[in-house]
Amino acid sequence: MTPAPLVILEEIDSTNAEARRLAEAGEAGPRWIVARRQTAGRGRRGRKWETEQGNLAATLLVTTPRSAAEAAQATFVAALAVADLLDVFVSPALVTIKWPNDVLLDGVKASGILVESGRHGNGDLWLAIGIGVNLAHAPEGTERGATSVADRLRADLAYVPPIEAAAEILAETFAVWWGRWQTLGFEPVLDAWTSRLVGLNGPCTARLDNETIEGLAEGVEPDGALRLRLADGAVRLISAGDVFFGAMSKVGAA
């Protein structure tokens, strides 16, 4: 996949919302929508996502003939693309992924991903693959803390990348992983994603819509679901929810 073209906006309510509007108006993409400032950015599970000056807010609008279940694999592609972006500016040893799609720097969240979809007029599925990266600033008062590229910048770099440069690198890294997914299937994507994953083989608390459960995070299923072994020996597969690993699992779920 050739990197999709970038459209950089000074201000918008939400890059995902703009992608939805374009898709519903017939735009098929691929196109990156980048905003210097969002006034109504959103994260997973309806949370607000703040985009401070100097941080990256970008959404790729793309259409695919894949089913909704298969298209959900795009979130793994996005996480790997973000991780590769961060590798350019910080020590790669600091870059990890927390299930399902938070990208961490030194164990602290630095990026969030939100994938939304709908049926396009051409019969395909449109995807709005929203990515927020804390380049220059980390928001305060978040539930589990946050950090930024500026906080972990490599010693040989004088400053964090401007939004334009970061967006161009993201478009390139995303195109690489998207291409691998399209040509080689999901397995190599999942393998690369799992190699960056933290929290496996340790205690985990999963906060779901209607319950909170605790157990041991045993691994990841071929479709990306988290395999949680409960105290009674039963196994639960977690496809969506908030998860907390290790020593912070009980604290985070309190």
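Residues numbered from 1 in each chain as written. Predicted model: local features only at pLDDT ≥ 70, side-chain atom pairs only at ≥ 80, totals over all residues. Heavy atoms only, no water.

Caption draft 1: A look at helix H5 (residues 186-195). Of all the residues in H5, the buried ones are Phe-186, Val-189, Leu-190, Ala-192 and Trp-193. The buried residues of H5 occupy an angular sector of 165 degrees when the element is viewed end-on, so they sit on one face. Away from its buried face, by an angle of more than 90 degrees, H5 presents the exposed residues Glu-187 and Ser-195. Of the surrounding elements, those touching the buried residues of H5 are helix H3 (74-87), strand E4 (95-98), helix H4 (163-184), strand E8 (197-198) and strand E10 (212-220). (Buried < 20%, exposed > 50% of the residue type's maximum accessible area, 1.4 Å probe, protein only. Helix = DSSP H or I, 4+ residues; strand = E, 2+ residues; numbered from the N terminus. Arc of directions from axis to C-beta. Contact = heavy atoms within 4.5 Å.)

Caption draft 2: The packing of aromatic side chains, seen in detail. Applying the stated criterion across every chain, the model contains 5 aromatic pairs. With a centroid separation of 5.2 Å and 75 degrees between ring planes, the pair formed by Phe-76 and Phe-186 is classed as edge-to-face. Linking Phe-76 in helix H3 with Phe-186 in helix H5, this pair joins segments that are 110 residues apart in sequence. Take Phe-186: its relative accessible area is 10%, and that puts it in the buried class. Judged by centre distance (5.7 Å) and plane angle (25 degrees), the ring pair of Phe-174 and Trp-178 falls under stacked. Taken as a pair, Phe-174 and Trp-178 lie in helix H4 at a separation of 4 residues, close to a single helical turn. In terms of burial, Phe-174 and Trp-178 fall into one category: buried. Members of the aromatic cluster, each reached through a chain of ring pairs, are Trp-32, Phe-174, Trp-178 and Trp-181. When the ring centre of Trp-181 is taken as reference, the NZ or CZ atom of Arg-66 above it lies at 4.1 Å. (Phe/Tyr/Trp six-rings, centres within 6.5 Å; stacked < 30°, edge-to-face > 60°. Lys NZ or Arg CZ within 6 Å of the ring centre and 35° of its normal.)

Caption draft 3: Quick look at the packing of H3 against H5. With their axes 10 Å apart at the nearest point, H3 and H5 run at an angle of 45 degrees to one another. Classified by the angle their axes make, H3 and H5 are oblique. Handedness of the H3/H5 crossing: left-handed. Side by side, H3 and H5 meet where Phe-76, Val-77, Ala-79 and Leu-80 of the first sit next to Phe-186, Val-189, Leu-190, Ala-192 and Trp-193 of the second. Taken together, the residues of the contact of H3 with H5 sort by class into 9 nonpolar, no polar and no charged. (Axes fitted to C-alpha atoms, helices over the stretch in contact; angles between N-to-C directions. Parallel < 35°, antiparallel > 145°, perpendicular 65-115°, else oblique. Left-handed = near helix turned anticlockwise from the far one by under 90°. Nonpolar A, V, L, I, M, F, W, Y, C, P; charged D, E, K, R; others polar.)

Caption draft 4: Structural detail: the pattern of salt bridges. Scanning the entire structure with this criterion turns up 18 salt bridges. Residues Glu-10 and Arg-36 are paired through a salt bridge, measuring 2.9 Å at the closest nitrogen-oxygen approach. One end of the pair, Glu-10, is in the loop between strand E1 (6-9) and helix H1 (15-24); the other, Arg-36, is in the loop between strand E2 (31-35) and strand E3 (56-64), and 26 residues separate them in sequence. For the salt bridge of Asp-156 with Arg-154, the shortest nitrogen-to-oxygen distance reads 2.8 Å. What makes Arg-154 partly exposed here is its relative accessible area of 28%. One network of salt bridges, in which partners are shared, links Glu-218, Glu-221, Arg-227 and Arg-229. (Salt bridge = Lys/Arg side-chain N within 4 Å of Asp/Glu carboxyl O.)

Caption draft 5: Structural view of the layout of surface pockets. There is about 610 Å³ of room inside the second largest pocket. Lining the second largest pocket are 25 residues, with Ala-72, Thr-75, Asn-101, Ser-239 and Ala-240 positioned closest to its centre. Those elements that provide at least two residues to the lining of the second largest pocket are helix H2 (68-71), H3, strand E6 (108-119) and strand E7 (125-133). Top element by residues in the lining of the second largest pocket is E6. It accounts for 4 residues. Grouping the constituent residues of the lining of the second largest pocket by class yields 15 nonpolar, 7 polar and 3 charged. (1 Å grid on protein atoms, 1.4 Å probe; cavity = no way out; pocket = protein on both sides within 12 Å on 5 of 7 lines; lining within 4 Å. Points joined across faces, edges and corners; volume = space filled by probe spheres on them.)

Scope: geometric values only; no functional claims are made or implied.
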